[in-house]
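# Fold and contact review
Spelled out, the chains give:
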Amino acid sequence: MGTFDILNIRNDFPILDRQVNGKPLIYLDNGATTHKPKQVIDAVVRYYADMNSNVHRGVHYLSQISTDAFEITRRKVQAFINAAHDHEVIITKGTTEAINIVATCYGRPFIGKDDEIIISAMEHHSNIVPWQMLCEEKGCKLRIIPMNERGELDLDGYRSLFSERTKLVSFTYVSNALGTVNPVKEMIDIAHRYNVPVLVDGAQAIQHLAVDVRALDVDFFAFSGHKMYGPTGVGVLYGKEELLNKMPPYQGGGDMIKDVTFEKTTYNELPFKFEAGTPNIEAGICLAEAIDYINSIGLDAIKEYEDGLLAYATEQLARVEGLRFIGTAAHKSSVISFVVDGIHPYDIGVILDKLGIAVRTGHHCAQPVMDGFQIPGTVRASLAMYNTAEEIDALTSGVERAVRMLK
Ligand code: PMP
């Protein structure tokens, strides 16, 4: 396990030194994307300065070293999530593409008319819309796991959704809008009792909690590099070998083929079958640095620190008059969403921005969650390992100030 030294950690993130609107940046929009440590930034520069070359193609030296580096990332991801094989790690553009691969390549062949897909009431749009598109095409139906007023999924309601028509379950590990941590292992076990495979959207989990896909026995797991201190434009779809093997390719093109003639094309093996065309090489290679960085601190230490900060932020913000938390689940991670009576979240966000404090306001790409709480949106502060209690104090006094100005 690594050591948690907040000053050292903050020193690793150059952007934290900058000012916004004349004030030191306080970045609390980590659910949208995290900043990058200099180890990752340096690796991007090093890639272009030293290595730039296409992967999986050339016999020449540079192509070999960039291919090797790209494949090192795949193996680092494999170890990071404890996958059984490196070819179960498909490098994608991000979570959205990973979910779309499953909706397309598992959904089209294996889910038909009147079949059902279970998702939850707290999904990000990227875990709703791909399934709706599939339903439109195939005539299958979405069933929704209900959520209580604390923003927790109702497991009895979940169990009651299963029937012989259920073909897939897909839900988020951590809600980006509420911070709820779902009981994923229990939910996966329930689905498996009905022989239904499960996709878990890990976009808001992978940077905060240790994930072990084999211990979870999850069938598909999706996440994005840019939310885990890595580059934008790269993400991962983990899938069990057996499932990935029976799925057709996603896109056609270079790298995903074995043999091409005008009469017939045969497809490449895993993982390349799902990786048509030139990938985001630089991002793929540099994702390894982000994983090394997280490992150097240790996810257990990160979780302990972030949980403490979340508890502190909840306690401090609770003192603001008229403030109501949206999402008060017993198990939460790194996200605080709130509204203040009579004030639009956007107006609070604008005043906080003037103070150099970055939060997100609105529906957070989870409109049905907001509909469930009958609100248009929230102010969301989402934490990362580099945030501090002093930043939470500044947020709290910023919100108090905004409330005084806007009331
Ligand atoms: N799922 C969740 C829970 C998310 O928070 C996000 C990003 N906000 C996504 C999916 C989509 O991730 P990306 O935009 O990186 O594909």
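Residues numbered from 1 in each chain as written. Predicted model: local features only at pLDDT ≥ 70, side-chain atom pairs only at ≥ 80, totals over all residues.

Per an unreviewed UniProt entry, the chain is named Cysteine desulfurase, and its organism is Sphingobacterium allocomposti. The record held by UniProt for the chain lists under Function (unreviewed entry) the comment "Catalyzes the removal of elemental sulfur and selenium atoms from L-cysteine, L-cystine, L-selenocysteine, and L-selenocystine to produce L-alanine." Under the UniProt heading Sequence similarities (unreviewed entry), the entry covering the chain gives this text: "Belongs to the class-V pyridoxal-phosphate-dependent aminotransferase family. Csd subfamily." (UniProt positions renumbered as here; feature names shortened; annotations may be inferred.)

## Some thoughts on the sheet that holds strand β13 (residues 323–325)
Strands sit in the order β13-β14-β17-β16 across an open sheet of four strands; the sheet is antiparallel. The open sheet has two edge strands with one neighbour each: β13 and β16 (360–362). The mean angle between the axes of side-by-side strands here comes to 30 degrees, regardless of whether they run parallel or antiparallel. In terms of strand pairing, strand β14 (residues 335–340) meets strand β17 (residues 378–382) through four bridges, oriented antiparallel. Paired with Ser337 across the two strands is Arg380, which belongs to β17. On top of the sheet, helix α11 (residues 299–317) reaches β13, β14 and β17; it is set at about 10 degrees to β14, its chief contact. Along the sheet, helix α12 (residues 345–354) contacts β14, β16 and β17; its crossing angle with β16, the most-contacted strand, is approximately 160 degrees. (Pairing = 2+ DSSP bridges. Helix = DSSP H or I, 4+ residues; strand = E, 2+ residues; numbered from the N terminus. Axes fitted to C-alpha atoms, helices over the stretch in contact; angles between N-to-C directions. Contact = placed C-beta atoms within 7 Å.)

## Section: the sheet that holds strand β10 (residues 235–239)
Taken together, seven strands build an open sheet; the order of strands is β4-β10-β9-β8-β7-β5-β6 and the sheet is mixed. Looking along the sheet, the strands with just one partner apiece sit at the ends: β4 (89–92) and β6 (141–145). Averaged over all pairs of adjacent strands, the angle between strand axes in this sheet comes to 20 degrees, irrespective of strand direction. As defined by bridge partners, strand β8 (residues 198–201) adjoins strand β9 (residues 220–224) across three bridges and the pair is classed as parallel.

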